[in-house]
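Chains, contacts and geometry: an overview
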Amino acid sequence: QTSTIFHWCFTLPLMLVVPVLLIGWYSCLAHRSVGIVMVSAADRSIVIFFRRLLFILLVMWAPAGITIWVLTDRDLTFWGGLWSHIQGIVSATIYVTKADIWKEFMPCACALQWQTSHEARAQGNRPRLD
């Protein structure tokens, strides 16, 4: 009983409600400030950043919250938890689409691929067992 009250009064608002409200508020502030003054590339990128963040939070956590805490079907709880746990992959995929992040990501990915293939060739194309 006590843990349920604590969950609904403290944990859930801290994990779900506060982040959505804060990101929504910052998104609105960024949108309003860009609408008043002439739009620069930096202003536009800030608005896009907060919109993406709000989109990810709503798309990934609203269905998960409904299936985990509102609906009581055990199968739906599993799928809601699974959906919320792929949020990291979705966030990384969406943010890699930004040109500046992609520009920094590709040399790292290419270096890692080159290093892995170089190590494989050095060992006679045998997989490492350690």
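Residues numbered from 1 in each chain as written. Predicted model: local features only at pLDDT ≥ 70, side-chain atom pairs only at ≥ 80, totals over all residues. Heavy atoms only, no water.

1. Structural notes on the overall build of the protein chain
In terms of regular secondary structure, the protein chain is built from five helices and zero strands. Mapped from its N terminus to its C terminus, the protein chain presents α and β elements in the order α-α-α-α-α. In the protein chain, buried positions account for 16% of the 130 residues. Taking as baseline every contact in the protein chain between residues at least 6 positions apart, the subset at least 24 positions apart corresponds to 55%. For the protein chain, the accessible area works out to roughly 10000 Å², and carbon and sulfur atoms hold 71% of it. (Helix = DSSP H or I, 4+ residues; strand = E, 2+ residues; numbered from the N terminus. Buried < 20%, exposed > 50% of the residue type's maximum accessible area, 1.4 Å probe, protein only. Contact = heavy atoms within 4.5 Å. Areas by Shrake-Rupley, 256 points an atom, 1.4 Å probe, with all protein chains shown as cover.)

2. Here's the deal with a nonpolar patch on the surface
A cluster of nonpolar side chains, namely Phe55, Val59, Phe78, Trp79, Leu82, Trp83, Ile86 and Ile89, defines an oily patch on the protein surface of about 800 Å² accessible area. Secondary structure elements with two or more residues in the nonpolar patch: helix H2 (41-70) and helix H3 (74-85). Of the residues forming the nonpolar patch, the biggest block, four residues, is contributed by H3. In this structure, Val59 sits in helix H2. With a relative accessible area of 31%, Val59 lands in the partly exposed category. (Patch = residues over 30% accessible without salt bridge, like charges linked within 9 Å, V, L, I, M, F, W, Y side chains within 5 Å. Salt bridge = Lys/Arg side-chain N within 4 Å of Asp/Glu carboxyl O.)

3. So, the packing of aromatic side chains
Given two aromatic rings, one states the distance between the centres and the angle between the planes to describe the pair. Scanning the model with the defined rule gives five aromatic pairs in all. Look at Phe6 and Phe10: their rings are 5.1 Å apart centre to centre, the planes differ by 35°, and that puts the pair in the tilted class. Remark: Phe10 and Phe6 occur in helix H1 (residues 2-36); sequence separation between them is four residues, near one turn of the helix. The class for Phe10 is partly exposed, based on a relative accessible area of 44%. Summarising the aromatic geometry, the rings of Phe49 and Tyr95 are spaced 5.8 Å apart at their centres and angled 50° between planes, so their arrangement reads as tilted. Taken together, the positions of Phe49 in helix H2 and Tyr95 in helix H4 (residues 87-96) put the pair 46 residues apart, joining distant regions of the chain. Judged by relative accessible area, which is 34%, Phe49 ranks as partly exposed. Taken together through their ring pairs, the aromatic side chains of Tyr26, Phe49, Phe50 and Tyr95 make up a single cluster. (Phe/Tyr/Trp six-rings, centres within 6.5 Å; stacked < 30°, edge-to-face > 60°.)

4. Overview of the packing of H2 against H4
When two helices pack together, you describe them by how their axes are tilted relative to each other and by the distance separating the axes. Their axes nearest at 11 Å, the elements H2 and H4 cross at an angle of 155°. Of the possible angle classes, the one that applies to H2 and H4 is roughly antiparallel. With respect to the hand of their crossing, H2 and H4 are arranged in right-handed fashion. Every residue of H4 that contacts H2 at Phe49, Arg52, Leu53, Phe55, Ile56, Met60 and Trp61 is listed here: Gln87, Val90, Ser91, Ile94 and Tyr95. (Axes fitted to C-alpha atoms, helices over the stretch in contact; angles between N-to-C directions. Parallel < 35°, antiparallel > 145°, perpendicular 65-115°, else oblique. Left-handed = near helix turned anticlockwise from the far one by under 90°.)

5. Overview of H3
An ideal rise of 1.5 Å per residue puts 16 Å on 12 residues; H3 measures up with 17 Å between its terminal C-alpha atoms. Summarising the contacts, the buried residues of H3 are in contact with H2 and H4. (Expected span 1.5 Å × (residues − 1).)

6. Considering H2
Between its first and last C-alpha atoms H2 spans 42 Å; for 30 residues at 1.5 Å apiece the expected length is 44 Å, and the two agree. Where H2 bends most, at Trp61, the angle is about 30°, and the proline Pro63 comes one to four residues later. Among all positions in H2, only Val47, Phe50, Leu54, Ile56, Leu57, Met60, Ala64, Gly65 and Thr67 are buried. (Bend = angle between axes of the 7 residues up to and from the residue.)

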